[in-house]
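A look at the structure
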Amino acid sequence: NDMSKYYDWVKTLSYDAPITMVIGARGIGKTYGIRKQAIKDFLKNGERFVEICRFREELKIMERNYFDRVGKEFPNYVFKIERDCGYIAEKCDNPKNQNWDLICYFVAMSSFQIMKKATFNYVKRIIMDECVIERSDKYHRYLPDEWNILTNIISSVSRERPEDGNKVRLY
């Protein structure tokens, strides 16, 4: 249980940079840590997050067990995913009485054009895990004009909304 070997997001998040890229060895907790922080943001302030992947086909794989590991850090809560959105609820005796709250949105860059009309309320963080494709990976590729697609997603998610005064950050 030596937590010192895992990536510590506290210092990184203290910079409050508009765009933060963390590159490090596999298995040191980069993904786990930012997901945990996003859940904590929601529980503290009601701030949601967006998780981005490149291709629509990746959504099902990503969504399948998205909260399984990190959800254990929040034993009083349960999680579910429906229609490319994540939900959280306090545990209760009767699951039929769960009061589900929207906590996150899942977005594929390859199909974002059709999602531009969607509303993303109260989003604080946009997470794009595995954004750098390794040279040795012959089966994955960057999207044509990927940077512009990403900036359009950020723009759509972070539209100025006076009601929440939120500054969106990309990780």
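Summarised in this report is the structure supplied together with it. All figures in this text were calculated on a predicted structure; none of them were measured in a lab.

Burial analysis of strand S3 (residues 85–90) places five of its six residues in the buried class, the great majority of the element. Bridge analysis of strand S2 (residues 77–82) against S3 gives six bridges, and the strand direction is antiparallel. Paired with Glu 82 across the strands is Cys 85, a residue of S3. Hairpin connection of S2 to S3: two residues between the antiparallel strands, including Arg 83 at a positive phi of 45 degrees. Bridging between S3 and strand S4 (residues 101–108) involves four bridges; their strand directions are antiparallel. Along S4, the bridge assignment pairs Tyr 87 with Leu 102.

Attention now goes to the pattern of salt bridges. Between side chains of opposite charge, a pair can form when the charged atoms approach closely. Per the stated rule, a full pass over the model turns up eight salt bridges. A salt bridge links Glu 73 to Lys 36; its shortest N-O distance comes to 3.3 Å. With Glu 73 in the loop between helix H3 (56–64) and S2 and Lys 36 in helix H2 (residues 30–45), the pair connects residues that are 37 residues apart, well separated along the chain. What makes Glu 73 partly exposed here is its relative accessible area of 33%. One salt bridge in this structure joins Arg 125 and Asp 41, with 2.5 Å as the shortest N-O distance. Of this pair, Arg 125 sits in strand S5 (residues 123–127) while Asp 41 is found in helix H2, placing the two residues 84 residues apart along the sequence. Of the two residues, Arg 125 and Asp 41, neither departs from the other in class, the shared state being buried. Connected through shared salt-bridge partners, Asp 16, Lys 167 and Arg 169 make up one network.

Moving on to the pairing of strand S1 (residues 48–53). Every other side chain in a regular strand lies on the same face of the sheet, so the side chains alternate between the two faces. Taking burial as the measure, the six residues of S1 include six buried ones, the bulk of the element. Of the two faces of S1, the one lined by Arg 48, Val 50 and Ile 52 and the one lined by Phe 49, Glu 51 and Cys 53 are each fully buried. By the bridge criterion, four bridges tie S1 to S5 in an arrangement that is parallel. Bridge assignment links Glu 51 to a residue of S5, and that residue is Ile 127. In terms of strand pairing, S1 meets S4 through five bridges, oriented parallel. Within S4, the position partnered with Val 50 by the bridge is Tyr 105.

Ile 39, Phe 49, Phe 67 and Ile 103 are the most contacted members of the largest nonpolar core, which totals 22 residues. Mapped onto this core, the elements with two or more residues apiece are helix H1 (9–14), H2, S1, H3 and S4. Excluding its chain neighbours within four sequence positions, the residues that come into contact with Phe 67 are Ile 39, Phe 49, Phe 79, Lys 80, Ile 81, Gly 86, Ile 103 and Cys 104. Within the second largest apolar cluster, 21 residues are counted, among which are Tyr 105, Val 107, Ile 126 and Val 157.

A few words on helix H4 (residues 146–157). Turn by turn, an α-helix covers 3.6 residues, leaving residues three or four places apart pointing in a common direction. Taking 1.5 Å as the rise per residue, H4 with 12 residues should run 16 Å; its terminal C-alpha atoms sit 17 Å apart, in good agreement. Among all positions in H4, only Glu 146, Leu 150, Ile 153, Ile 154, Ser 156 and Val 157 are buried. Viewed end-on, H4 has its buried residues packed into an arc of 165 degrees, placing them on one side of the element. Elements that come into contact with the buried residues of H4 comprise S1, S4, S5 and strand S6 (169–170).

So, on to the sheet that holds S2. Here six strands make up an open sheet; going across it, the order is S2-S3-S4-S1-S5-S6 and the pairing mixed. Each edge of the sheet is formed by a strand with only one pairing partner; in this case those strands are S2 and S6. Both S5 and S6 contribute to a ladder of two bridges, which runs parallel. Within the sheet, the bridge partner assigned to Ile 126 lies in S6 and is Leu 170. Across the sheet, H3 lies against S1, S2 and S4, angled at about 145 degrees from S4, the strand it touches most.

Definitions and cut-offs
Residues numbered from 1 in each chain as written. Predicted model: local features only at pLDDT ≥ 70, side-chain atom pairs only at ≥ 80, totals over all residues. Heavy atoms only, no water. Buried < 20%, exposed > 50% of the residue type's maximum accessible area, 1.4 Å probe, protein only. Helix = DSSP H or I, 4+ residues; strand = E, 2+ residues; numbered from the N terminus. Pairing = 2+ DSSP bridges. Salt bridge = Lys/Arg side-chain N within 4 Å of Asp/Glu carboxyl O. Core = buried A, V, L, I, M, F, W, Y, C linked by side-chain atoms within 4.5 Å. Contact = heavy atoms within 4.5 Å. Expected span 1.5 Å × (residues − 1). Arc of directions from axis to C-beta. Axes fitted to C-alpha atoms, helices over the stretch in contact; angles between N-to-C directions.

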